[in-house]
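# What the coordinates show
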Amino acid sequence: MTPAPKPSLDMSVSVAGIEMKNPVMAASGTFGYGVEFEDVVTLERLGGFVTKGLSREPMPGNPPPRLFETAAGMLNAIGLQNVGVQAFVSEKLPLLRKIKNIVFFCNVFGHTQQEYEEVVRVLNDGEGIAGYELNVSCPNTACGGIAFGTDPRMLSDVVSAVKKIATRPVIVKLSPNVTSIPQMARVAEEAGADAISLVNTFVAMAIDAETRKPRISNVTAGLSGPAIKPIALRMVWEAAKTVKVPVIGIGGIGTAEDVIEFLLAGATAIEVGTVNYWDPCACESLVDSLAKWCLEHRIEKLSSLTGGLQLG
Ligand SMILES: Cc1cc2nc3c(=O)[nH]c(=O)nc-3n(C[C@H](O)[C@H](O)[C@H](O)COP(=O)(O)O)c2cc1C
């Protein structure tokens, strides 16, 4: 008897012209510069990963306490600690270049539009980077500290300025701390974004009732993890309905079902953040459980699920 043909499964996705083996990416700030995970994760099995946010100058971040676990979530106010773009290019990039078949994006931020441009100019000279992810949740110190991503004009200006000089695709990572996600998604697309990713963390806080002090030295912090998933899912659905460029879903993703829900809402790929803190191998395990889910549900082409939400 001839054996039954093995079911075929294609998990590949394409985001802004970048081909990835599967839609599972590790999110910025939860996966270091990638190299730190090399011993525990087979990096080439991931769809991709995003580096910690890079700024023009190195930044020490905020004083502790800067992490606090909440019900089903995590608060962080790391303060964008990073080695600075020059050290990334001279010290981290050569290590990443030694690892074959990986896809990684550099997360970029600045305190002024010029700083974003300067970081991108430095990265343009580095080799092996698939693209840039702009963190626009950062306050613009030249405009009273309002976050770039919460003001349509500032968002448009920073995205167009970066697009003019970037030699690689630009993903714009939207802030969820806005009234209208469709409006911000449209602004980013019109300014030239090749893809958008959402969501970044939600501004939140926690207080210690005994000491009457904030749990985080910065007082306010960003909420992430399973607690934010339903809100992130709604925002991804709203954004994907609005723009034509690919959407990358982020927020509380930890299981294969979570990934499928984000794809159905319209995402082409997803990023996994906080779960990496509980299990550093979470992204790689997720690739396996996603493949299992697809085989069990007789899905042959994972990308066919994108936008497949059934209404009514
Ligand atoms: C400790 C920590 C640091 C982060 N640093 C960055 C960063 O540097 N740049 C950025 O764009 N997002 C950063 N994020 C946001 C995550 O990339 C992600 O958008 C957010 O945590 C939501 O996903 P999650 O619920 O899966 O964690 C950080 C998140 C955490 C928890």
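Residues numbered from 1 in each chain as written. Predicted model: local features only at pLDDT ≥ 70, side-chain atom pairs only at ≥ 80, totals over all residues. Heavy atoms only, no water.

### A few points about the overall build of the protein
The condition that has to hold: A helix here means a DSSP run of H or I that spans at least four residues, while a strand means a run of E at least two residues long, and both kinds are numbered starting from the N terminus. Categorising residues by exposure relies on relative accessible area from a 1.4 Å probe, with only protein chains included: less than 20% of the type maximum marks a residue as buried, more than 50% marks it as exposed, and the intermediate range marks it as partly exposed. All accessible areas in this document rest on Shrake-Rupley with a 1.4 Å probe, and a residue is counted as covered only by the protein chains that are shown. When charges are tallied, Lys and Arg are placed among the positive residues and Asp and Glu among the negative ones, while His and the ends of the chain are skipped. Note that the charge is assigned to NZ on lysines, CZ on arginines, CG on aspartates and CD on glutamates.
Along its length, the protein carries 8 helices and 18 strands. C-alpha atoms of the protein, sized along the principal axes, occupy 75 × 50 × 40 Å. The burial tally for the protein puts 53% of its 312 residues in the buried class. Accessible surface, the protein as shown: approximately 14,000 Å² in total, 54% of it carbon and sulfur. In the protein, which carries 27 positive and 32 negative side-chain charges, the distance between the mean positions of the two groups comes to 2 Å.

### Topic: the packing of helix 6 (residues 256–264) against helix 8 (residues 282–296)
Quick reminder of the rule: Angular values range over 0 to 180 degrees, each being the angle between N-to-C directions of two axes fitted as lines to C-alpha atoms, with helices fitted over their stretch in contact. Under this scheme an angle from 65 to 115 degrees is roughly perpendicular, one under 35 degrees roughly parallel, and one over 145 degrees roughly antiparallel; angles in between are oblique. By definition in these notes, contact holds between two residues if any of their heavy atoms fall within 4.5 Å. Residue classes follow a fixed rule: Ala, Val, Leu, Ile, Met, Phe, Trp, Tyr, Cys and Pro count as nonpolar, while Asp, Glu, Lys and Arg count as charged, and any other residue, Gly among them, counts as polar.
Orientation of helix 6 relative to helix 8, taken along the N-to-C sense of each, is 70°, at an axis distance of 8 Å. The pairing of helix 6 with helix 8 is recorded here as roughly perpendicular in orientation. In this structure, helix 6 uses A256, E257, V259 and I260 to contact helix 8, whose residues at the interface are L286, S289, L290 and W293. Of the residues that constitute the contact of helix 6 with helix 8, the class distribution is 6 nonpolar, 1 polar and 1 charged.

### Remarks on helix 3 (residues 152–165)
We count it as follows: For a helix, the expected span equals 1.5 Å multiplied by the residue count minus one. Arc definition: directions from the helix axis to the C-beta atoms. As used in this structure description, the phrase polar contact means that two N or O atoms lie within 3.5 Å; if the pair is within protein, one of them must be able to donate a hydrogen and the other to accept it, and residues adjacent in sequence are counted only when both atoms belong to side chains.
A rise of 1.5 Å per residue sets the reference length of helix 3, with its 14 residues, at 20 Å; its end C-alpha atoms lie 21 Å apart and thus fit the reference within 8%. Buried within helix 3 are the following residues: M154, L155, V158, V159, A161, V162 and I165. Buried residues along helix 3 cover an arc of 160° about the axis, so they all sit on one side. Every exposed residue of helix 3 that faces more than 90 degrees away from the buried side is listed here: R153 and K164. In the core, the buried residues of helix 3 are packed alongside helix 2 (113–124), strand 8 (131–135), strand 9 (139–140), strand 10 (146–147), strand 11 (170–173) and helix 4 (181–190). The N-cap residue of helix 3 is D151: its side-chain oxygen and the backbone nitrogen of R153 are 3.1 Å apart.

### Focus on the pattern of salt bridges
This is how it is decided: Basic side-chain nitrogens of Lys or Arg form a salt bridge, by our definition, when they fall within 4 Å of a carboxyl oxygen of Asp or Glu.
For the coordinates displayed, the defined rule picks out 13 salt bridges. Among the ionic pairs, D288 bridges to R45, the shortest N-O distance being 2.7 Å. Placement of D288 in helix 8 and of R45 in the loop between strand 3 (24–26) and strand 4 (48–50) is noted, with a sequence separation of 243 residues between them. Residue classification places R45 among the partly exposed residues on the basis of a relative accessible area of 31%. For R56, the salt bridge goes to E118, with nearest N and O atoms at 3.3 Å. Of the two residues, R56 is situated in the loop between strand 4 and strand 5 (67–70) and E118 in helix 2; the sequence distance between them amounts to 62 residues.

### Looking at the pairing of strand 7 (residues 104–108)
Formally: Two strands are said to pair when DSSP picks up at least two bridges between them.
With respect to burial, strand 7 is a largely interior element, 5 of its 5 residues being buried. Judged by which residues are buried, strand 7 turns out to be covered on both faces: F104, C106 and V108 on one side and F105 and N107 on the other are all buried. Both strand 4 and strand 7 contribute to a ladder of 2 bridges, which runs parallel. Following the sheet pairing, V50 is matched in strand 7 by F105. In this structure, strand 7 lies alongside strand 8, joined through 4 bridges in parallel fashion. Residue N107 lies in a different strand from strand 8, and its bridge partner there is E133.

### Examining the site of the ligand
This is how it is decided: Throughout, near means a residue has at least one heavy atom within 4 Å of the molecule or strand.
S28, K173, G225, G252 and T274 are the nearest of the 25 residues found near the ligand. Backbone polar atom of S28 to an oxygen atom of the ligand: 2.7 Å apart, as the coordinates give it. Across the complex, the protein chains shield 98% of the 610 Å² of accessible surface that the ligand would expose by itself. Among the residues forming the shell around the ligand, the class breakdown is 8 nonpolar, 15 polar and 2 charged.

### Comments concerning the packing of aromatic side chains
Condition: Ring pairs are drawn from Phe, Tyr and Trp, using the six-membered ring of Trp, whenever the two centres fall within 6.5 Å, and their geometry is named by plane angle: stacked under 30 degrees, edge-to-face over 60, tilted for the rest.
A complete count under the given rule lists 5 aromatic pairs for this structure. Ring plane angle 20° and centroid distance 4.0 Å describe the contact between F31 and F37, whose orientation is recorded as stacked. Under the relative-accessibility criterion, F31 is labelled buried at 0%. Judged by relative accessible area, F37 falls into the buried class, the value being 13%. Seen from their ring centres, Y116 and F148 are 5.0 Å apart, and the 75° between their planes marks the pair as edge-to-face. In this pair, Y116 sits in helix 2 while F148 sits in the loop between strand 10 and helix 3, placing the two residues 32 residues apart along the sequence.

### Looking at helix 1 (residues 85–97)
Where we set the bar: Bend is the name given here to the angle between axes fitted to two runs of seven residues, the run ending at a residue and the run starting at it.
Of all the bends in helix 1, the greatest reaches close to 35° and is centred on E91; the proline P94 follows between one and four positions later. For helix 1, every residue scored as buried is listed here: V85, A87, F88, K92, L93 and L96. In this structure, the buried residues of helix 1 make contact with strand 4, strand 7 and helix 2.

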